[in-house]
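# Results of the structural survey
What follows is the residue order along each chain.
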Amino acid sequence: MNADEVRRRLEFYRDLGVKQIYRRAPRPAPAAEADPAAPASGDSLAAIRLDIGDCRRCRLHEGRSKIVFGSGNEQARLVFVGEGPGADEDAQGVPFVGRAGQLLTQMIEGTARKEGIPLTRADVYICNVVKCRPPGNRTPEPDEAEICGQFLSRQLEVIRPAAICALGSTAAKYLLNTREGVTRLRGGWHQWRGIPVMVTYHPSYLLRPYNQNAKREAWEDLKKVLHFVFD
Ligand code: URA
């Protein structure tokens, strides 16, 4: 079952009034059938989505409509990590589908096209530090990022992409455990558990009309990431 199927199944249970869902421990594969390429822990995106369930681990569940788990290629070589869902994402259950999301899609596909790299949004994986919309789109509190971030970490461990692009300071802070701002972090490589991380500006920041310089820098960052991953 992929993540969308799991989500639909969970929504179906929710509509039936089911409040608690338990996951059976996975049955170990017989030695002869074990896939050597599978992650050692046996974790999967579907299992992570099941573990999230109808999450009430932090206060963000109070205002959400839909949990926004992540979307895209589950074997992506490149993962984008944002902050948390906004109104459009909360309504649709899909990350980066509002104005900032449209800009992100344009940036990914436009930069790839210009650089001669055959890549669409569907080829990458996109997710957030927190999976429920913070009220009024406020920045997630550190405890919310910490609680929900454990699921992000599991997603990244399962995918183990060739590179991660952190969009904005919430993603950068969580992944790099730093208090440094995006302006200082962007443009160079960092690491998350051995995976190269590029930090760049959040697309919402780039939508503000007076941030033209930042826009140019973000395109440079993205170019660097795309060449690193796909050349
Ligand atoms: N901003 C984010 O950080 N994530 C989304 O999914 C949408 C907007």
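See the structure printed just above.
This write-up is about the structure you can find in this document.

Attention now moves to the overall build of the protein. Along its length, the protein carries 9 helices and 6 strands. Here the protein, with 231 residues, has 47% of them falling under the buried criterion. Across the protein, the fraction of contacts at a sequence separation of at least 24, relative to all contacts at a separation of at least 6, is 74%. For the protein, the accessible area works out to roughly 12300 Å², and carbon and sulfur atoms hold 48% of it.

Here R64 lies in the loop between α2 (45–52) and β1 (71–72). Judged by its relative accessible area of 14%, R64 is buried. Reaching out from R64, the side chain makes a polar contact with the side chain of D54 at a distance of 2.7 Å.

Put simply, α2 and helix α5 (residues 142–159) touch, their axes get as near as 9 Å, and they point 170 degrees apart. Comparing the axis directions of α2 and α5 gives the class roughly antiparallel. On the side of α2, the interface is formed by L45, A47, I48, D51 and I52, while α5 contributes F151, R154, Q155, V158 and I159.

With respect to the helices and strands, the residue H202 is situated in the loop between β6 (195–200) and α8 (203–206). The buried category is assigned to H202, whose relative accessible area is 17%. Separated by 2.9 Å, the side chain of H202 and the backbone nitrogen of S204 make a polar contact. The contact partners of H202, leaving out residues within four places of it in the chain, are E83, F96, A100, L167 and G168.

With that settled, consider empty space enclosed by the protein. Taken as a whole and judged by the stated rule, the model has 2 cavities of 30 Å³ or more. As a volume, the largest cavity reaches approximately 100 Å³. Looking at the lining of the largest cavity, its residues break down into 7 nonpolar, 1 polar and 4 charged. For the second largest cavity, the calculated volume is near 40 Å³. If you trace the second largest cavity, you find it lined by F80, L104, M107, L167, T200, Y201, P203 and L222. For the lining of the second largest cavity, the residue count by class is 7 nonpolar, 1 polar and no charged.

Taking 1.5 Å per residue as the helical rise, α5 with its 18 residues ought to reach 26 Å, and the 25 Å between its terminal C-alpha atoms agrees with that figure. Along its length, α5 reaches its greatest deviation from straightness, about 40 degrees, at G149. E144, A145, C148, G149, F151, L152, S153, Q155, L156 and I159 are the residues of α5 that are buried.

Take the site of the ligand next. Residues in contact with the ligand, as listed here, are G82, E83, G84, E89, P95, F96, N128 and H202. Between the ligand and the protein, one listed contact pairs a nitrogen atom with a side-chain N or O atom of N128 at 2.8 Å. Protein burial of the ligand: of its 240 Å² of free accessible surface, 93% is covered by the chains. Within the shell around the ligand, the residues separate by chemical class into 2 nonpolar, 4 polar and 2 charged.

What follows covers helix α9 (residues 212–230). An α-helical turn contains 3.6 residues, so any two residues separated by three or four positions project in the same direction. If you check α9, its first and last C-alpha atoms are 27 Å apart, about what 19 residues at 1.5 Å a residue would give, namely 27 Å. Every buried residue of α9 is listed here: A214, A218, D221, L222, V225, L226 and V229. Projected onto a plane normal to the axis of α9, the buried residues spread over an arc of 135 degrees and lie on a single side.

Attention shifts here to the sheet that holds β1. An order of β1-β3-β2-β4-β6-β5 is seen for the 6 strands of this open sheet, with the pairing classed as mixed. At either end of the open sheet lies a strand with only one pairing partner, and these are β1 and β5 (189–192). For strand β2 (residues 78–82) and strand β4 (residues 163–167), the ladder comprises 4 bridges, and the chain directions are parallel. For V81, the partnering residue across the bridge sits in β4 and is A166. With respect to the sheet, helix α6 (residues 169–176) is in contact with β2, β4, β5 and β6, its orientation differing from that of β4 by roughly 130 degrees.

Now for the nonpolar core. F80, V81 and L175 are the most contacted members of the largest nonpolar core, which totals 60 residues. If near-sequence neighbours (up to four positions away) are discounted, L175 is found in contact with V81, L152, L156, I164, A166 and W192.

About the cut-offs
- Residues numbered from 1 in each chain as written.
- Predicted model: local features only at pLDDT ≥ 70, side-chain atom pairs only at ≥ 80, totals over all residues.
- Heavy atoms only, no water.
- Helix = DSSP H or I, 4+ residues; strand = E, 2+ residues; numbered from the N terminus.
- Buried < 20%, exposed > 50% of the residue type's maximum accessible area, 1.4 Å probe, protein only.
- Contact = heavy atoms within 4.5 Å.
- Areas by Shrake-Rupley, 256 points an atom, 1.4 Å probe, with all protein chains shown as cover.
- Polar contact = N/O pair within 3.5 Å; in protein donor to acceptor, adjacent residues only side chain to side chain.
- Axes fitted to C-alpha atoms, helices over the stretch in contact; angles between N-to-C directions.
- Parallel < 35°, antiparallel > 145°, perpendicular 65-115°, else oblique.
- 1 Å grid on protein atoms, 1.4 Å probe; cavity = no way out; pocket = protein on both sides within 12 Å on 5 of 7 lines; lining within 4 Å.
- Points joined across faces, edges and corners; volume = space filled by probe spheres on them.
- Nonpolar A, V, L, I, M, F, W, Y, C, P; charged D, E, K, R; others polar.
- Expected span 1.5 Å × (residues − 1).
- Bend = angle between axes of the 7 residues up to and from the residue.
- Near = heavy atom within 4 Å.
- Arc of directions from axis to C-beta.
- Pairing = 2+ DSSP bridges.
- Core = buried A, V, L, I, M, F, W, Y, C linked by side-chain atoms within 4.5 Å.

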